[in-house]
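Understanding the architecture of this molecule
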Amino acid sequence: MRILVVEDEKKVSRFIKKGLEQEGYAVDVAYDGMEGQQLIETHEYDCIILDIMLPKKSGIELLKDIKDRPGEPIVLLLTARDTVEDRVEGLNLGADDYLTKPFAFEELLARIRALLRRGSVTGAELKFADLSLDTQKRKAKRGDKEIELTLKEYSLLEYLLRNPDRVLSRTLIAEHVWDQSFDSETNVVDVYINHLRSKLDKGFTKKLIHTVRGVGYVLKEE
Ligand code: CA
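Numbering of residues begins from 1 in every chain and follows the order in which that chain's sequence is written. Residue-level local features of this predicted model are given only where pLDDT is at least 70; pairs of side-chain atoms are given and counted only at 80 or more, and the full residue set underlies all totals for whole chains, interfaces and linings. Side-chain metrics in this entry use all non-hydrogen atoms of the structure; hydrogen atoms and water are not considered.

Attention shifts here to the packing of helix H6 (residues 151–162) against helix H8 (residues 188–200). Angles run from 0 to 180 degrees between N-to-C directions of axes, and those axes are lines fitted to C-alpha atoms, restricted for helices to the stretch in contact. Secondary structure counts use DSSP, requiring at least four H or I residues in a row for a helix and at least two E residues in a row for a strand, with both numbered from the N terminus. At a closest axis distance of 10 Å, the pairing of H6 and H8 adopts a crossing angle of 85°. Classified by the angle between their axes, H6 and H8 sit roughly perpendicular to one another. Residue-level inspection shows Lys152, Glu153, Leu156, Leu157 and Leu160 of H6 in contact with H8, the latter providing Tyr192, Ile193, His195, Leu196, Lys199 and Leu200. Each residue receives one of three labels: charged for Asp, Glu, Lys and Arg, nonpolar for Ala, Val, Leu, Ile, Met, Phe, Trp, Tyr, Cys and Pro, and polar for the others, Gly being one of them. Classifying every residue of the contact of H6 with H8 gives seven nonpolar, one polar and three charged. To sort the angles, those under 35 degrees are grouped as roughly parallel, those over 145 as roughly antiparallel, those from 65 to 115 as roughly perpendicular, and the leftovers as oblique. Residue contacts are counted whenever heavy atoms from the two residues lie within 4.5 Å of one another.

Moving on: the pattern of salt bridges. Any carboxyl oxygen of Asp or Glu within 4 Å of a side-chain nitrogen of Lys or Arg constitutes a salt bridge here. The final tally for this structure, using the stated rule, is 20 salt bridges. The closest approach of N and O atoms between Lys17 and Glu21, which form a salt bridge, is 2.8 Å. Residue Lys17 and its partner Glu21 are both found in helix H1 (residues 10–22); the two are separated by four residues, about one turn of the helix. Partly exposed residues are those whose accessible area sits between 20% and 50% of the maximum for their type, while under 20% is buried and over 50% is exposed, using a 1.4 Å probe and protein chains only. What makes Glu21 partly exposed here is its relative accessible area of 29%.

To continue, consider the sheet that holds strand S2 (residues 26–30). Whether two strands pair depends on DSSP finding at least two bridges between them. The five strands are arranged S2-S1-S3-S4-S5 in an open sheet whose pairing can be described as parallel. With partners counted over all chains shown, the strands left at the sheet margins are S2 and strand S5 (97–100), one partner each. The mean angle between the axes of side-by-side strands here comes to 20°, regardless of whether they run parallel or antiparallel. In this sheet, S5 lies alongside strand S4 (residues 74–79) in parallel orientation, the contact comprising four bridges. Note that in S5 the partner of Leu78 across the bridge is Leu99. Sheet strands in contact with helix H2 (residues 33–42) are strand S1 (2–6), S2 and strand S3 (47–51), and its direction is about 140° off that of S2.

Donor criterion used throughout: N, O or S atom within 2.8 Å of the metal, extended to 3.2 Å for Na, K and Ca. Water excluded; incomplete-looking sites may result. Distances from the calcium ion to its protein donors, namely Asp8 (OD), Asp51 (OD) and Met53 (O), fall within the range 2.1 to 2.3 Å. For the calcium ion, all donor residues lie on one chain, and their spacing in sequence is D-x42-D-x1-M. Asp51 gets classed as buried once you look at its relative accessible area, which sits at 3%. Overall, the relative accessible area of 53% leaves Met53 in the exposed class.

Pasting the structure below:
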């Protein structure tokens, strides 16, 4: 899951970025509305955390741009106590939820998880063949075998499980699992796919992660 945080208060944006990264999300930060706009025009985000009061371009203006673009990122507004009208306008414009500042990180995390779950039909557990991933407890299982995953492996597997039977290019995978600092010249995606393979497919006759030569990877049952 890749998240964009648009918040000009550096202390707040850093705190959100750090916390979300510790939960395994890929996080980009923009410090004003124009920077936010550039990022949404060049990347595909799963979720956008959007402050309403922003320099250069307001969160409300930016929200209109977000809603005009293809793809439907979840939008969580950050509002100050005295901006009730903006909050209502934001929700009318299609924001999914809002959080009043100051807030505890746990609260933000709970909201984001709930919103991301709402978008999936499977709820807290993602399943494919005999593979399952509990997105609450962050535990994977293949058959009866419990599988320990690192944060990045977890994010990668979650992305694959949300897109079964779909050929995913390396670019698309990088776009959703890594942040802006990702270096497309490296083979990091292949390295992580190999880590997952050795944990998920090794020792099983039925392989689930398949290479599509020249393109990328697909999660499928043969
Ligand atoms: Ca602000």
